[in-house]
Amino acid sequence: MSEIRQDQATKRWVIMATERAKRPRDLAATVSTTEPEPEYSPDCPFCPGNESKTPPEVLAYREGDGPADSPGWQVRVVPNAFPALRPDGEVVVSQPHWFTSVTGVGAHEVIVESPVHNDSPATVSVEHIGLVLQAAAERFMALQQDRRLCYVALFRNNGLAAGSSLTHPHTQIIATPIAPTSVRLEIEAARQHYDDRIHCVYCETIQNELDAGQRIVLETDAFVVLEPFASRWPFETWLIPKQHAAVLTPGDASPVEPLARALRTTLNALYHALGDPAYNLVLHEAPLRDSCEDYYHWHIEILPRLATAAGFELGTGIWINSVLPEESAEYLRDFVSA
Ligand SMILES: [Zn+2]
Ligand SMILES: [Zn+2]
Ligand SMILES: [Zn+2]
């Protein structure tokens, strides 16, 4: 008989379809091998020399003193050429009678992670991931000053199946004048848990999962990486800081190196275990100026796209997962090299 598990943090239900279970190794084998990408692609707007094919950069780290929008950068942040939201104008909420809408004010930026077209965060140096995180932190700090904005989303789409149209390694930032519903639901569930038990549900998750041991992929001084008990997808992987905080604030208060190291190790394990899988990586943290410090706890969710969400998942919000997280964690641990 299959088992229906509930995620303590969100109350979301997942059917562990053990009768149609696949072994983790079978999934790795079904991952298609695509043509390897070159180190440089002349038509790619993110490759060095093509800086004029993107909007002017908002931030770049260069080793020398080269001018803006010229080669020589290691990490470069540019506005998205086809932005979902734009940074000019006022936020106007319109609610005539019934039809609620808000003007599309915000920001949509791309962090080009490397000048090398075929680099991967799974294989670059920890120092280089630190540089990308530093760029993200700088942009977060800049966008947070904007009182019109309510949330800054950081996400990475890896591979076509995860919605990425450009293979050059990049991460995106979308800042919105509204708070995302999925984060709101997590925060509300975390608040209820805190009201009931006076503890943060994510801190308790870390403790209980470390005690259980079965679903832990990696433990470092600062982070726990695990396959959640009610994983929606095969190899769903969460990276949770041990230090309770509602938002990620890299910088002096919280150095980027421990996060860069944990992230690099995790992505490297997924890369080798599953053959560079398509995945979405998202940062979940408290909305700007939100007072949920006591009970919300930032984390990173990595959702490999080894299965497809279909009618039942989309229509009910109940997920069916054919791989037990205990098994995927055990499989992944073999690929963790510190
Ligand atoms: Zn490129
Ligand atoms: Zn916590
Ligand atoms: Zn989350």
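Just so we're clear, the structure is a prediction, and the values are computed from it rather than from any experiment.

### Here's the deal with the overall build of the protein
Looking only at helices and strands, the protein has seven helices and 15 strands in total. Its C-alpha atoms give the protein a radius of gyration of 20 Å, near enough to 20 Å, the size a compact globule of 338 residues would have. By the burial criterion, 38% of the 338 residues in the protein qualify as buried. If you take every contact in the protein between residues at least 6 apart in sequence, the share linking residues at least 24 apart comes to 69%.

### Some details on the pairing of strand S1 (residues 3-6)
As judged from the four bridges shared by S1 and strand S2 (residues 13-16), these two strands associate in the antiparallel manner. Considered in S2, the bridge of Glu3 is made with Met16. Turn length for the S1-S2 hairpin, with the two strands adjacent in sequence and antiparallel, is six residues, and the turn residue Lys11 shows positive phi of about 70°.

### Things to note about unusual backbone geometry
In the Ramachandran plot, Phe235 falls in the positive-phi region, its phi being about 70° despite a non-glycine side chain. Note that Phe235 resides in the loop between strand S11 (223-226) and strand S12 (237-241). By the C-beta count within 10 Å, which is 30 here, Phe235 ends up buried. Of note in the backbone geometry, Asp276 takes a positive phi value of approximately 45° without being a glycine.

### Some thoughts on the pairing of strand S8 (residues 151-158)
When a strand is regular, its side chains alternate between the sheet's two faces. Here S8 lies mainly inside the structure; six of its eight residues are buried. In this sheet, strand S9 (residues 170-176) lies alongside S8 in antiparallel orientation, the contact comprising five bridges. Along S9, the bridge assignment pairs Phe155 with Gln172. Relative to strand S13 (residues 279-284), S8 runs antiparallel, the two being bridged by four bridges.

### So, the packing of helix H2 (residues 126-144) against helix H5 (residues 257-274)
One way to put it is that H2 packs onto H5 with a least axis distance of 8 Å and a crossing angle of 115°. Relative to H5, H2 is oriented so that their crossing is right-handed. Counting all contacts with H2, which are made through Val126, Ile129, Gly130 and Leu133, the residues of H5 involved are Glu257, Leu259, Ala260, Arg261, Leu263 and Arg264. Looking at the contact of H2 with H5 residue by residue, the class counts come to six nonpolar, one polar and three charged.

### Section: the environment of Ala310
The topology assignment puts Ala310 in the loop between strand S14 (299-304) and helix H6 (311-316). With 9 C-beta atoms counted inside 10 Å, the residue Ala310 sits in the exposed group. In the structure, Ala310 is positioned 10 residues away from Ile320 in sequence and 9.6 Å away in space, judged by C-alpha atoms.

### Points about the environment of Ile111
Within the element layout of this structure, Ile111 appears in strand S7 (residues 107-112). Distance in space between the C-alpha atoms of Ile111 and Glu57 is 9.8 Å, their sequence separation being 54 residues. For Ile111, the residues in contact, after removing those within four places along its chain, are Val75, Val77, Val132, Ala135, Ala136, His170, Thr171 and Ile173.

### Overview of helix H4 (residues 201-212)
For H4, with 12 residues, the first-to-last C-alpha span of 16 Å sits near the 16 Å given by 1.5 Å per residue. Buried residues along H4 sit against helix H3 (181-197), strand S10 (216-219), S11, S12 and S14. One or two positions beyond H4, positive phi appears at Gly213, with a value near 80°.

### What to know about the environment of His244
Residue position: His244 is located in the loop between S12 and H5. Sequence-wise, His244 and Glu219 are 25 residues apart; in three dimensions their C-alpha atoms are separated by 16 Å. Those residues within four positions of His244 in sequence are excluded, and the remaining contacts are Cys200, Cys203 and His297.

### A word on the sheet that holds S13
Strand order across the open sheet formed by 10 strands is S3-S4-S7-S9-S8-S13-S14-S12-S11-S10, with antiparallel pairing between neighbours. Each edge of the sheet is formed by a strand with only one pairing partner; in this case those strands are strand S3 (59-62) and S10. Sheet twist, expressed as the average angle between the axes of neighbouring strands with direction ignored, equals 15°. Helix-sheet contacts for H2 involve S3, strand S4 (73-79), S7, S8 and S9, and the interaxial angle to S4 is about 30°. Its contacts with the sheet put H4 on S10, S11, S12 and S14, and the angle it makes with S11 is roughly 70°.

### Focus: the sheet that holds S1
Strand order in the open sheet formed by three strands is S1-S2-S15, and the pairing between neighbours is mixed. With partners counted over all chains shown, the strands left at the sheet margins are S1 and strand S15 (319-321), one partner each. Within this sheet the neighbouring strands show an average axis-to-axis angle of 30°, counted without direction.

### So, the nonpolar core
Core analysis: the largest hydrophobic core is formed by 75 residues, its most contacted members being Ile111, Ala136, Val225 and Leu239. Broken down by element, this core gets its largest block of residues, nine residues, from H5. For Val225, the contacting residues outside a window of four places in its chain are Val217, Leu218, Thr237, Leu239, Ala262 and Thr266.

What counts, and at which threshold
Residues numbered from 1 in each chain as written. Chains lettered and ligands numbered in written order. Predicted model: local features only at pLDDT ≥ 70, side-chain atom pairs only at ≥ 80, totals over all residues. Helix = DSSP H or I, 4+ residues; strand = E, 2+ residues; numbered from the N terminus. Rg over C-alpha atoms; globule rule 2.2 N^0.38 Å. Buried ≥ 20, exposed ≤ 12 C-beta atoms within 10 Å, placed from the backbone. Contact = placed C-beta atoms within 7 Å. Pairing = 2+ DSSP bridges. Axes fitted to C-alpha atoms, helices over the stretch in contact; angles between N-to-C directions. Left-handed = near helix turned anticlockwise from the far one by under 90°. Nonpolar A, V, L, I, M, F, W, Y, C, P; charged D, E, K, R; others polar. Expected span 1.5 Å × (residues − 1). Core = buried A, V, L, I, M, F, W, Y, C linked by C-beta atoms within 7 Å.

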